[in-house]
Amino acid sequence: MTEERDPKLSRHYRELEPLEPSAELDRKILDAAHAAAARHAPLVTPAGRHRWYYGLATAAVLVFAVAVTLHMERERPDPEAAAPGAALRLERELRGQIKPAPQPAAPSEPKPAAKPEAPPPVAFAPDPQSPRESGTAREATHDASSAQPSSPTRPAPEPARATASRQARSDAMRLSQKQIGAERAATAATSAGAPAAVPSAVPEKPEAWLERIAELRSRGRHADADRELVAFRRAYPDYRLSDLMRERVEGTPIPSR
Amino acid sequence: MEAPDEQLMLAYRDGDAAAFEKLYARHRARLYRFVLRSVKSRAIGEDLFQEIWLRVIEARGRYTPQARFTTWLYTIAHNHLVDHWRKRGLTLVALEGDETQGTSPDPAEQAQARQSLERFAAALQALPPLQREAFLLHEEGELSVAEIAVATGTNEEAAKSRLRYATAKLKAAMGDD
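Because the structure is predicted, anything quoted here is derived from the model rather than measured.

1. Here's the deal with the overall build of chain B
The secondary structure content of chain B amounts to 9 helices and 0 strands. The burial tally for chain B puts 51% of its 177 residues in the buried class. Considering only contacts in chain B between residues 6 or more positions apart, those separated by 24 or more positions represent 66%.

2. Overview of helix α8 (residues 206-218) of chain A
Residue and element names in this part refer to chain A. Counted at 1.5 Å a residue, the expected span for α8 with its 13 residues is 18 Å, and the 18 Å between its end C-alpha atoms agrees. In terms of burial, α8 is largely enclosed, as 12 of its 13 residues are buried. If you check which residues of α8 are buried, you get P206, E207, A208, W209, L210, E211, R212, I213, A214, E215, L216 and R217. G220 sits one or two residues past α8 and shows a positive phi near 85°.

3. Overview of the packing of aromatic side chains
Residue and element names in this part refer to chain B. By the definition in use, this model includes 15 aromatic pairs over all chains. Measuring from ring centre to ring centre gives 6.4 Å for Y24 and F49, while their planes differ by 50°; the resulting arrangement is tilted. You can see Y24 sitting in helix α2 (residues 17-36) and its partner F49 sitting in helix α3 (residues 42-58), a full 25 residues away along the chain. Look at F49 and you get buried, because its relative accessible area is 0%. By way of ring pairs, the aromatic residues Y12, F20, Y24, Y32, F49 and W53 are connected into one cluster.

4. Describing the interface of chain B and chain A
Taken together, the contact between chain B and chain A spans 43 residues of the former and 29 residues of the latter. Summing the contributions of chain B and of chain A, the shared interface buries around 3,500 Å²; its carbon and sulfur component is 61%. Where chain B packs against chain A, one counts 12 residue pairs in polar contact (both at pLDDT 80 or more). Going through the elements one at a time, α2, α3, α6 (116-126), α7 (129-139) and α9 (156-174) of chain B are the ones with two or more residues in the side of chain B that touches chain A. For the side of chain B that touches chain A, the class distribution of residues is 21 nonpolar, 6 polar and 16 charged.

5. Structural notes on the nonpolar core
Formed by 58 residues in total, the largest nonpolar core has its most connected members in Y12(B), F20(B), L31(B), F34(B), W53(B) and F135(B). By residue number, the principal contributor to this core is α2(B), which donates 10 residues. Excluding anything up to four places from it in sequence, W53(B) contacts I29(A), F20(B), L23(B), Y24(B), H27(B), R28(B), L31(B) and L73(B). Among the nonpolar cores identified, the runner-up in size contains 15 residues, and I213(A), L216(A), F232(A) and L241(A) belong to it.

6. A word on the side chain of T152(B)
Among the structural elements, T152(B) can be located in helix α8 (residues 145-152). Once residues within four sequence positions are removed from consideration, T152(B) is found in contact with H78(B), E133(B), L137(B) and R162(B).

7. Here we look at the pattern of salt bridges
Residue and element names in this part refer to chain A. Scanning the model with the defined rule gives 20 salt bridges over all chains in all. Notably, a salt bridge pairs K28 with E24, separated by 4.0 Å at the nearest N-O pair. With K28 and E24 both in helix α2 (residues 23-39) and 4 residues apart, the pair spans about one turn of that helix. For K28, a relative accessible area of 37% translates into the label partly exposed.

8. Considering helix α10 (residues 243-250) of chain A
Along α10(A), the residues classified as buried are M245(A), R246(A), R248(A), V249(A) and E250(A). Downstream of α10(A) by a residue or two, G251(A) has a phi angle that is positive, lying close to 75°.

9. Focus: the confidence of the model for chain B
Where the model shows low pLDDT, its predicted coordinates should not be examined in detail. Residues and elements named next belong to chain B. Per-residue pLDDT for chain B averages 82, and the proportion of residues at 70 or more is 83%. Looking at the elements of chain B, mean pLDDT is at its lowest for helix α5 (residues 107-112), recorded as 48, and at its highest for α2, recorded as 93. Under a pLDDT of 50 for its full length, residues 93-104 has, in the predicted model, 25 contacts with residues more than four places off or in other chains. Confidence metrics for the complex model read pTM 0.45 and ipTM 0.76.

10. Regarding unusual backbone geometry
Not every positive phi belongs to a glycine, and E142(B) is a case in point at roughly 55°. With respect to the helices and strands, the residue E142(B) is situated in the loop between α7 and α8.

What counts, and at which threshold
Residues numbered from 1 in each chain as written. Chains lettered and ligands numbered in written order. Predicted model: local features only at pLDDT ≥ 70, side-chain atom pairs only at ≥ 80, totals over all residues. Heavy atoms only, no water. Helix = DSSP H or I, 4+ residues; strand = E, 2+ residues; numbered from the N terminus. Buried < 20%, exposed > 50% of the residue type's maximum accessible area, 1.4 Å probe, protein only. Contact = heavy atoms within 4.5 Å. Expected span 1.5 Å × (residues − 1). Phe/Tyr/Trp six-rings, centres within 6.5 Å; stacked < 30°, edge-to-face > 60°. Buried area = accessible area lost by both parts, 1.4 Å probe. Polar contact = N/O pair within 3.5 Å; in protein donor to acceptor, adjacent residues only side chain to side chain. Nonpolar A, V, L, I, M, F, W, Y, C, P; charged D, E, K, R; others polar. Core = buried A, V, L, I, M, F, W, Y, C linked by side-chain atoms within 4.5 Å. Salt bridge = Lys/Arg side-chain N within 4 Å of Asp/Glu carboxyl O. pLDDT = per-residue confidence, 0-100.

As structure tokens, this is what we get:
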């Protein structure tokens, strides 16, 4: 197209007033360009000084993922730590054997609950009806029990036995996974013939609590078992123990009929 | 070696605002003159100039380097000028030999002009809009006939004809023919 260009005309044109946009006009346009670039993040890997954004974001995501994984790993109960013999025995006992029974008397005198720093162990047991939420519920109830040091219905254990109590709670949690069927059967039996026995406001199910007491008894920690049994009676005054369970939690053999 | 316009525009499309600054620095003055010499009011020309660049910014996501960036830029400028002329009730029917859209320079007045530049400027303003646009695209944008055709949405023959008429009238106004 150079053949169309007339050198004289081009020279005349170049000699016209050298117009240029003002600095203010330049600023307005460049500001608009920067604002538009900032509004819409680049869809491709940025070059130059923006490249470090991606490295930082990747590192942050990796750290977060590792932290979440470790957290979940710590919170997961160890299934091999549970006593398989006890679990099986418990399952056999609970399956269809929870019957309405007269309430036994408290085996020992109640002890004062004057140690608010120890959380009530019952609050840590998972809900057998929803085993998937056991970890979350445990954390939530743990927080709640920390905020409320003493339960209005049950005394808290002494701090000297806190470690043993935690171990018992852990055992009860593992065992509770296998109690689902038995508890449902017990609930059905209770609702059919017996008055309502389980207060809905109490976080721990009575079956789980009794299992914990039975575990304490089987380990020879009778004082703890007695204390827990007293607390259980306060929380569930109308709960009817089966003969087998009463033997386990009270430690006294059932007389043969 | 400086990056070509197309590469800069792609970089800006991908979020690199610094690329736009370079691109703007290269084309600001030429486009500014093109716009201001296409209209008769400096204020209107500045508004149009800013609006053209805003259109470039808005259209960055659709930019693909199918042609030279300059052609793309002046296509946007042409379309915006057409919109401007239409709003003002001006029709763009000036093709070859159309003398009705512009006022032919009065030879007597031109002869009385003291400076050739004033004469040239008057002749340029007197050109029909499409012929003036073709000339400005050629001079300011350094577009070829084919690129002028692309930028103005016409065929090469029409673009070539507009440019030829514009050149002839300007030469006649300057007494160069």
